[in-house]
Amino acid sequence: MHVLVTGGAGFIGANFVHHTVRTRPDVQVTVLDALTYAGNERSLSPVEDKVTFTKGDIADADLVDALVKDVDLVVHFAAESHNDNSLHDPWPFVRTNVIGTYQLLEAVRRHGVRYHHVSTDEVYGDLELGDPTRFTPQTPYNPSSPYSATKASSDLLVRAWVRSFGVQATISNCSNNYGPYQHVEKFIPRQITNVLDGIRPKLYGTGENVRDWIHVDDHNSAVWAIIDRGRIGETYLIGADGEQDNKTVIELILELMGQEPKAYDHVNDRPGHDLRYAIDAGKLRTELGWEPRYTTFRDGLTATIDWYRSNEAWWRPQKGETEARYGVLGR
Ligand code: NAD
Ligand code: TDX
């Protein structure tokens, strides 16, 4: 099997490539990635002799067509992925997440190629604190930010291409990922690298917002379960019962890094900040028999802290520019 991985130099895509090389030596991997500020070719260095890398844009119809015609499967991770950036400048989100997905769908339609679409639980909006409700595949779409609205748009394009054109596609909507190779703009790596730099971690607003954390390797094993055994046209929600509020996560990072757990600052809240996400992954577990391997957040977080400690050369070049961007936002 030959798979085209879009966004394979980003956080989850690079981990997907590592996972695939490790667990499926028979699969040939080609990566298409534009190497935006969020992409990092060095994330693929450990597997560079096993992967073909093309630098390019998923919105480039000719390039996408030329790559898609030679593969059996497209797994689509490429996106503009950061909510804060989407509030500042939504256009790259519309271009990559909507138009880029459109170009991929047209190419897989032309060439009859199987397609898996990687999306987010944020398409469902948010939930109240303390509400027993969790997102299911039946939850109505209700995105809050330009980022989540463009991801919702892309999901709906996929559904329409399945129904109207018979495209062989599946969709997954996953909760918040953590693990190695995540850009330092995101919550967990930002705080770890702040502590390593002697900067106090930054908590948005009151910090009562809840995210449902899953280790990136569990996300990727679920994506493969869906590719292997998922039903065409179906949506699968991916989550590992990992709800934590942001305040608890920051305090845990500080504790695990040997600091005083209250040594953080409250900063300006994110406009429209979603309160709580929570995934019911029952369909994935019962229908496809998937189970997460990282069930203790504390252990997964400890390993992630160790990774950032040991890989300063990977994250250091991003850090100054990222904090400068946050400085402008007052966060
Ligand atoms: P990321 O920002 O770390 O990586 C995105 C990658 O896409 C980068 O390598 C970037 O260079 C590439 N890219 C951006 N625009 C491109 C374009 N026009 N053409 C080609 N490549 C382009 O993102 P991530 O966190 O790895 O997220 C990957 C996917 O998973 C996204 O679709 C995101 O919506 C989804 N997702 C992420 C999370 C999470 O917690 N991070 C959770 C659920 C779903
Ligand atoms: O410095 C910070 N302080 C803080 O309190 C940052 C960067 C974030 N936060 C809060 C905001 C959120 O409640 O932490 C939480 C997580 O923030 P992000 O890492 O920006 O993630 P989120 O907005 O929840 O979106 C993530 O999960 C869903 C990914 O970035 C998306 O790509 C994915 O779709």
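Residues numbered from 1 in each chain as written. Chains lettered and ligands numbered in written order. Predicted model: local features only at pLDDT ≥ 70, side-chain atom pairs only at ≥ 80, totals over all residues. Heavy atoms only, no water.

1. Description of the site of ligand 1
Under the convention used in this document: Nearness here has a simple test: a residue counts as near a molecule or strand if at least one of its heavy atoms is within 4 Å of that partner. Here a polar contact is taken to be a pair of N or O atoms separated by no more than 3.5 Å, where protein atoms must pair a possible hydrogen donor with a possible acceptor and residues adjacent in sequence count only if both atoms sit in side chains. Here the open area of atoms and residues is found with the Shrake-Rupley method and a 1.4 Å probe, where only the protein chains shown may cover a residue. For the purposes of this entry, the term helix denotes a DSSP run of H or I that reaches at least four residues, the term strand denotes a run of E that reaches at least two, and both are numbered from the N terminus. Under the scheme applied here, ten amino acids are nonpolar (Ala, Val, Leu, Ile, Met, Phe, Trp, Tyr, Cys and Pro), four are charged (Asp, Glu, Lys and Arg), and all others, including Gly, are polar.
Taken together, 28 residues lie around ligand 1, and Ile12, Asp33, Ser81, Tyr147 and Lys151 are the ones closest in. In the environment of ligand 1, an oxygen atom lies 3.1 Å from a nitrogen or oxygen atom belonging to the backbone of Thr36. Side-chain polar atom of Asp57 to a nitrogen atom of ligand 1: 2.9 Å apart, as the coordinates give it. For ligand 1, whose accessible area on its own is 830 Å², the fraction buried by protein is 96%. Breaking the shell around ligand 1 down by element, the ones donating at least two residues are helix 1 (11-23), strand 5 (114-120) and helix 5 (146-165). Ranked by the residues each element gives to the shell around ligand 1, the list is headed by strand 5, at three residues. For the shell around ligand 1, the class distribution of residues is 13 nonpolar, 12 polar and three charged.

2. Considering the packing of aromatic side chains
Stated formally: Stacked, edge-to-face and tilted labels apply to pairs of Phe, Tyr and Trp rings (six-membered ring for Trp) whose centres lie within 6.5 Å, assigned for plane angles under 30 degrees, over 60, and everything in between, in that order. Residue burial is assigned from relative accessible area. The probe radius is 1.4 Å, only protein chains are included, and a residue is buried under 20% of its type maximum, exposed over 50%, and partly exposed in between. The rule for a charge over a ring is simple: NZ of Lys or CZ of Arg within 6 Å of the ring centre, and within 35 degrees of the ring normal.
Scanning the entire structure with this criterion turns up 17 aromatic pairs. The interplanar angle of 35 degrees and the centroid separation of 5.3 Å between the aromatic rings of Tyr124 and Phe135 together place this pair among those described as tilted. Here the residue Tyr124 occupies a position in the loop between strand 5 and helix 5, and Phe135 occupies one in the loop between strand 5 and helix 5, the gap between them amounting to 11 residues. The exposure class assigned to Phe135 is buried, which follows from its relative accessible area of 1%. Note on Trp161 and Phe165: the rings are 5.3 Å apart at their centroids and 75 degrees apart in plane angle, and the pair reads as edge-to-face. Taken together, the residues span about one helical turn, with Trp161 and Phe165 both in helix 5 at a distance of four residues. Here a set of aromatic residues connected by ring pairs shows up, and it is made of Tyr124, Phe135, Tyr141 and Tyr277. Above the ring of Trp224, the side-chain terminus of Arg24 is found at 4.0 Å from the ring centroid.

3. As for the layout of surface pockets
How we decide: Using a grid of 1 Å spacing that covers the protein atoms alone, one calls a set of points a cavity when a 1.4 Å probe fits there but cannot get out, and a pocket when the set is open and has protein on both sides within 12 Å along at least five of seven lines; lining residues are those with an atom within 4 Å of a point. Grid points are joined across faces, edges and corners, and a volume is the space filled by probe spheres set on the points.
Space inside the second largest pocket adds up to approximately 230 Å³. Lining of the second largest pocket is provided by 15 residues; of these, Asp84, Asn85, His88, Asp89 and Arg325 occupy positions nearest its centre. Looking at side-chain class alone, the lining of the second largest pocket contains six nonpolar, four polar and five charged residues.

4. Digging into the packing of helix 1 against helix 7 (residues 216-229)
Helix-helix packing is characterised by the crossing angle of the two axes and by the distance between the axes. As a reminder, the rule being used: Between N-to-C directions, angles span 0 to 180 degrees; the directions come from axes that are lines fitted to C-alpha atoms, helices contributing only their stretch in contact. Any angle between 65 and 115 degrees counts as roughly perpendicular, while under 35 counts as roughly parallel, over 145 as roughly antiparallel, and the rest as oblique. Handedness of a crossing follows from how the near helix is turned relative to the far one, being left-handed for an anticlockwise turn of less than a right angle and right-handed for a clockwise one. Contact definition: two residues touch when any of their heavy atoms are within 4.5 Å.
Across the interface, helix 1 lies against helix 7 with an axial gap of 9 Å and an inter-helix angle of 65 degrees. In terms of orientation, helix 1 lies roughly perpendicular with respect to helix 7. Between helix 1 and helix 7 the crossing geometry is right-handed. Contacts from Phe11, Ile12, Asn15, Phe16, His19, Thr20 and Arg22 of helix 1 reach helix 7 at Val216, Asp217, His219, Asn220, Ser221, Val223, Trp224 and Ile227.

5. Considering the site of ligand 2
Near ligand 2 you find 22 residues, and of these Glu122, Tyr147, Arg211, Arg270 and His273 are the closest. Side-chain polar atom of Asn176 to an oxygen atom of ligand 2: 2.9 Å apart, as the coordinates give it. Within the side chain of His273, one N or O atom sits 2.7 Å away from an oxygen atom of ligand 2. Within the complex, 94% of the 650 Å² of free accessible area of ligand 2 lies under protein. The set of elements that each furnish at least two residues to the shell around ligand 2 consists of helix 6 (187-196) and strand 8 (202-204). Taken together, the residues that form the shell around ligand 2 break down as six nonpolar, nine polar and seven charged.

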